[in-house]
Amino acid sequence: MTEPLLDVSNVSLGFRGENGFAHILDGVSLTVKSGEIMGLVGESGCGKTTLARSVLGVLPRNSLEVMGGAVRFQNTDMLDPAYADLQQRIRGSRITFVPQDPFTSFNPVFTIGEQIDDLMKWKSPRRDWNAVSSTPTLLQRYPRSRRAIDREAVIAMLNSVQLPQPERLLQKYPHEVSGGQRQRLMIAMALLPEPELIIADEPTTALDVTIQAQILGLLRRLANERGVAVLLATHDLGAAYEICDRITVMYAGQDVETAPVASFFNVPAHPYTNKLLASVPGLKGEMSGIPGDLPNFYSPPPGCRFAPRCERAQLACEVRPAQTETAADHMVCCFHPVVDHAAAGLVPSGKGQTS
Amino acid sequence: MSAFKVLFGDRAAAIGAFLIISLVLVAIFAPALATHPADVAEFHLDKRLQAPSMEHWFGTDRMGSDIFSRILFGARITITIAVIAVGASVVIGVPIGLVAGYYGKWIGGAMMRTSDVFLAVPQIVLAIAIAQTLGPSVENVILALSVTYWPFWARLVYAETRALKPQIFIEAALALGASDLRVMVMHILPNIASAIIVRTSIGMGVTILTAAALGFLGLGAPAPTPEWGRMISEAREFLPAAWWYAAAPGLAIFVVVMGFNLLGDGLRDILDPKIRRGSK
Amino acid sequence: MRRLQIILSRLVWLVPTLFGLTLVVFLIANVVPTDPARIIAGENATAAQVEELRHELGLDKPLHQQFGRYIYGLGTGDMGKSLYTARPISQDLLSRLPATLELTVVAILIAILIGVPAGVISAIRRNSLTDQVLRVLSVSGLAVAGFWLAMELQMFFSTKLGITPLNGRISGFGPEKYTGFLIVDSLLAWDMESLRDTFMHLLLPAVTLALPAAATLVRFTRAGVLEVVNSNYVLYESAMGMPRSLITWKYILRNALVSTVTQIGLIFGALFAGAVVVEAVFDWPGLGTYAVQSIMRSDNKAIMGFSLLVGFVFVIVNLMVDIVHTFIDPRTLE
């Protein structure tokens, strides 16, 4: 039994602001194994972006309050401020990031080439991490020998993500390049440091539907080729179905179900998951929503946060359920999971057909 | 109730509002609040240039009049000039900017070139020219300031209108049959209102400073009207001995402009949701 | 290429703008109830003498003809003669321009040196005590009447403490005048004594002028830096583990620079306006005092000349700011 690459265990944290304390993540646990693509699925506001950023360790320090838990990446806790230096090394080289909005994630006043150059200068896999340097950061230079090799790697990678004329592209400014191309660049930049894990935060939300599938397919293919694990945060069930190996569903800052993709869509156990899958518009145009609203993060309900909207809720649900296994490798946090789907009248959707 | 953290914006707006309201009250109740209300017009040469004392809180000026009382009455002039000058330039400039920004092309270009001409030279220079031409009086100061200030508003509203015009909700309104006028007044104007309000408050402060400068140069109301800027220029020849003579009106100007600046700043913080969101 | 296009189109717009300015200035200066001829001739002159003077000065011609003659004169750099001093106005203006320009430039430098770092610090330590204090200070800086502050500073530092000279640009004769900029001329002549003297004379006026400009810079730099700090690209750079100092000094600064450059263009305008009154207080032999004097004397031609010169300087400065923009912000080339 190998150690998971990423082990998020029981993370509880929130942000303190002018309106009080928003308890964003409550006891979230999940793992990502080496080389697998894990989908982090949930509605807007469920905390998946916060979770993604906590893996990278880039949550705003001023307002952040960690109440418990750890985000372990190969023995380093990315939440613990005591390991700041180590985290800084890991960030951008062992764990990389594909952001949601390619339009605003590039610095507008530098060329693409300059930005990739900086990335390679600091995060290239060929960098000698053991060379201790006393010169201040801004004065450190980019060793010539490495530079040439890195440049070749960059061109090769740009070809892999199917970007035309890489040399010319590098000389352009971000606003001169289309959104789809920019996202391919983001994927390229996420792969260049040869990481073990990529955090992709809704990488296709800002793109045209026609391009979404291409980008996701590209991501999956390249990740698999290189054995890179991906944590893909998305609200698109269809996308998750297409490229993920396992899926974790989040609701209001809690993880509610984790399963391999097939099992997930065939025998969804959590009431929320079932409602979610049912709410995808059917082929005959039938639609069902989920009555009620998201809870208030400033005063969240105790225990299971879905309970107020759940038909199966009972008093026991005021305590957070632990993970129980309903099928092979299929975990649920619920006291009353859906086991007999036919009897409950819930139709497993088979395929999450969003498009 | 969650913790109540007072933001800079809220605090600033509150203090600013307090100062402005005080100014207005002082102006209205000057006769009642002044220790020597008659000194607005009267003078007592035997009491010239006395230092601050229990009887004359800010001392006396070169004609022996009580400076404190004159300052209080001067508040009336200050408010009058600020409100009318800014009000007039807003009333003139905003519609011009709206129309120019809405219709764009030639009309827009022409209007903006016109205002560019006015904005090419610092406001005070043109204002001096106009005020000098017409003669020193409060009315002429107001006129000079209004004429040179409206282009600023036209420019501002023009830019905002142009940014809003292509937006979908405008298209929607037009598709529903709204007339141009209706769109401008009911749809565009409310959206730019907060920018205008903030700038108005700050504009009052700027106008007061410019008006004081005109008074300092002798272009404002003539003696014995207690205009703050002119009082400072009077004080010049008696410095450094009669330090109170310049200090009082100068501080009065400072406090009033501070009030408008704080109010404008505070309102900007309150009305702009982008800045509020901060750390998420 | 694109950059050249932009510059050229801006230059083309220069002409109508300046023409419009000339027209407006001309109208203002000539819609005058006062009669310059009479003022110059004096109270004791007869009506006939005043008429003669008026004819001599060309004031009896119809307005549009006067305007035409004026425009023609401008083509040759002739702004006419001052009604008051009878010297060519262009000469008067040019002799006074360096004084005001030197003062303004020194003031801008002071303002930048104080304002920009303060703005950056204010943004980085957002909502801290430092930030609040700086914000209050910057609001205050914009609430002070320039002429009043000038007087108070003059009273305190010159009269009471005797540290700085009372007025003027320099005591004594100063260095050989090549450029009219005393700093430059002192350096050219390697006249350290004059240089020191020049600085002492510049100190109070420049600081007085710089204060509101610095206050504005603090606020705009702060806003500019904040916008960048909260941007998605800074988030991305942090998420990818780029070194903190790199992010701050290369990325953030570079982006905030764009808005700062815009500010300088705006500030220049305010500084010139402030110069008018500050020069009056310090007896500074610059354009500001010239303007005020001309206006007081109803010296129409001089007023027009001054307004045109200032307008021209402004337009040039704004143009330069726009050009610099095309270099530091590639988005402007779209």
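Let me begin by describing the structure that accompanies this report. Just so you know, these numbers come straight off a predicted model, no measurement behind them.

### Points about the overall build of chain C
Okay, so step 1: A count of helical and extended segments in chain C gives 13 helices and zero strands.
Okay, so step 2: For chain C, the N- to C-terminal ordering of α and β elements is α-α-α-α-α-α-α-α-α-α-α-α-α.
Okay, so step 3: With the C-alpha coordinates of chain C rotated into their principal frame, the extents come out at 85 × 55 × 40 Å.
Okay, so step 4: By the burial criterion, 42% of the 334 residues in chain C qualify as buried.
Okay, so step 5: Pairs at least 24 residues apart make up 71% of the contacts formed inside chain C by residues separated by at least 6 positions.

### What to know about the packing of helix H5 (residues 123-134) of chain B against helix H12 (residues 287-296) of chain C
Okay, so step 1: Relative orientation of the contacting elements H5 of chain B and H12 of chain C amounts to 20°, with a least axis distance of 9 Å. Here H12 of chain C runs roughly parallel to H5 of chain B, going by the angle between their axes. Relative to H12 of chain C, H5 of chain B is oriented so that their crossing is right-handed. Two secondary-structure elements touch here, H5 of chain B through Val 125, Ile 128, Ala 129 and Gln 132 of chain B and H12 of chain C through Ala 291, Val 292, Ile 295 and Met 296 of chain C.

### A short note on the interface of chain A and chain C
Okay, so step 1: Taken together, the contacts link 24 residues of chain A with 23 residues of chain C.
Okay, so step 2: Residue assignment for the side of chain A that touches chain C shows that the elements contributing at least two residues are strand S6 (95-98) and helix H3 (112-123) of chain A.
Okay, so step 3: Take the side of chain A that touches chain C: its biggest share by element is four residues, from H3 of chain A.
Okay, so step 4: Looking at the side of chain A that touches chain C residue by residue, the classes come out as 11 nonpolar, nine polar and four charged.

### Looking at the sheet that holds strand S4 (residues 64-73) of chain A
Residue and element names in this part refer to chain A.
Okay, so step 1: Ordered by their spatial adjacency, four strands build an open sheet running S2-S1-S4-S5, and the pairing between neighbours is antiparallel. The outermost strands of the open sheet, each flanked by one partner alone, are strand S2 (20-32) and strand S5 (76-77).
Okay, so step 2: By the bridge criterion, eight bridges tie strand S1 (residues 6-17) to S2 in an arrangement that is antiparallel. Within S2, the position partnered with Leu 13 by the bridge is Leu 25.
Okay, so step 3: Contacts from helix H1 (residues 48-56) reach S1, S2 and S4, with the element oriented near 70° to S2.

### Digging into the nonpolar core
Across soluble globular proteins, you tend to see nonpolar side chains buried next to one another.
Okay, so step 1: Val 230 and Leu 231 of chain A, Ile 128 of chain B together with Phe 147 and Ala 213 of chain C are the most contacted members of the largest nonpolar core, which has 262 residues in total.
Okay, so step 2: At 18 residues, helix H3 (residues 67-103) of chain B tops the list of elements feeding residues into this core.

### Some details on the interface of chain B and chain C
How big an interface is tends to be stated in terms of the accessible area lost upon association of its parts.
Okay, so step 1: Contacts between the two partners involve 34 residues from chain B and, on the opposite side, 38 residues from chain C.
Okay, so step 2: Broken down by secondary-structure element, the contributors of at least two residues to the side of chain B that touches chain C are helix H4 (105-120), H5, helix H8 (180-216) and helix H10 (243-271) of chain B.
Okay, so step 3: Per element, the largest residue contribution to the side of chain B that touches chain C is nine residues, and it comes from H10 of chain B.
Okay, so step 4: Along the lines of polarity and charge, the residues of the side of chain B that touches chain C split into 24 nonpolar, six polar and four charged.

### As for the environment of Ala 45 of chain C
Residue and element names in this part refer to chain C.
Okay, so step 1: Checked against the element boundaries, Ala 45 lands in the loop between helix H2 (36-41) and helix H3 (47-56).
Okay, so step 2: Looking at Ala 45, the number of C-beta atoms within 10 Å reads 15, which means it is partly exposed.
Okay, so step 3: With 237 residues separating them in the primary sequence, Ala 45 and Phe 282 have C-alpha atoms 36 Å apart.

### Regarding the sheet that holds strand S7 (residues 197-201) of chain A
Residue and element names in this part refer to chain A.
Okay, so step 1: Reading across the sheet, the eight strands line up as S6-S7-S8-S3-S9-S10-S12-S11 and stay open at both edges, with mixed pairing between neighbours. Looking at the sheet topology across the chains shown, the edges are occupied by S6 and strand S11 (324-327). The sheet shows a mean angle of 20° between the axes of neighbouring strands, direction not considered.
Okay, so step 2: Note: strand S3 (residues 37-41) against strand S9 (residues 246-251), four bridges, orientation parallel.

### What to know about H8 of chain B
Okay, so step 1: Across its 37 residues, H8 of chain B extends only 46 Å between first and last C-alpha, which sits more than 12% below the 54 Å expected from 1.5 Å per residue.
Okay, so step 2: Note on H8 of chain B: the residue one or two positions beyond its end, Gly 218 of chain B, has a positive phi of about 90°.

### Description of the pairing of S4 of chain A
Residue and element names in this part refer to chain A.
Okay, so step 1: Two elements, S1 and S4, share eight bridges in a ladder whose sense is antiparallel. Opposite Asp 7, over in S4, you have Arg 72 as the bridge partner.
Okay, so step 2: Hairpin connection of S4 to S5: two residues between the antiparallel strands, including Gln 74 at a positive phi of 45°.

### A look at unusual backbone geometry
Okay, so step 1: Although it is not a glycine, Gln 165 of chain A sits at a positive phi angle of roughly 45°.
Okay, so step 2: When you line up the elements, Gln 165 of chain A lands in the loop between helix H4 (144-160) and helix H5 (166-170).
Okay, so step 3: Judged by the 9 C-beta atoms lying within 10 Å of it, Gln 165 of chain A falls in the exposed class.
Okay, so step 4: Of note, the phi angle at Asp 283 of chain C is positive, near 55°, even though the residue is not glycine.
Okay, so step 5: Here Asp 283 of chain C shows up in the loop between helix H11 (244-282) and H12.
Okay, so step 6: By the C-beta count within 10 Å, which is 13 here, Asp 283 of chain C ends up partly exposed.

Criteria and thresholds
Residues numbered from 1 in each chain as written. Chains lettered and ligands numbered in written order. Predicted model: local features only at pLDDT ≥ 70, side-chain atom pairs only at ≥ 80, totals over all residues. Helix = DSSP H or I, 4+ residues; strand = E, 2+ residues; numbered from the N terminus. Buried ≥ 20, exposed ≤ 12 C-beta atoms within 10 Å, placed from the backbone. Contact = placed C-beta atoms within 7 Å. Axes fitted to C-alpha atoms, helices over the stretch in contact; angles between N-to-C directions. Parallel < 35°, antiparallel > 145°, perpendicular 65-115°, else oblique. Left-handed = near helix turned anticlockwise from the far one by under 90°. Nonpolar A, V, L, I, M, F, W, Y, C, P; charged D, E, K, R; others polar. Pairing = 2+ DSSP bridges. Core = buried A, V, L, I, M, F, W, Y, C linked by C-beta atoms within 7 Å. Expected span 1.5 Å × (residues − 1).

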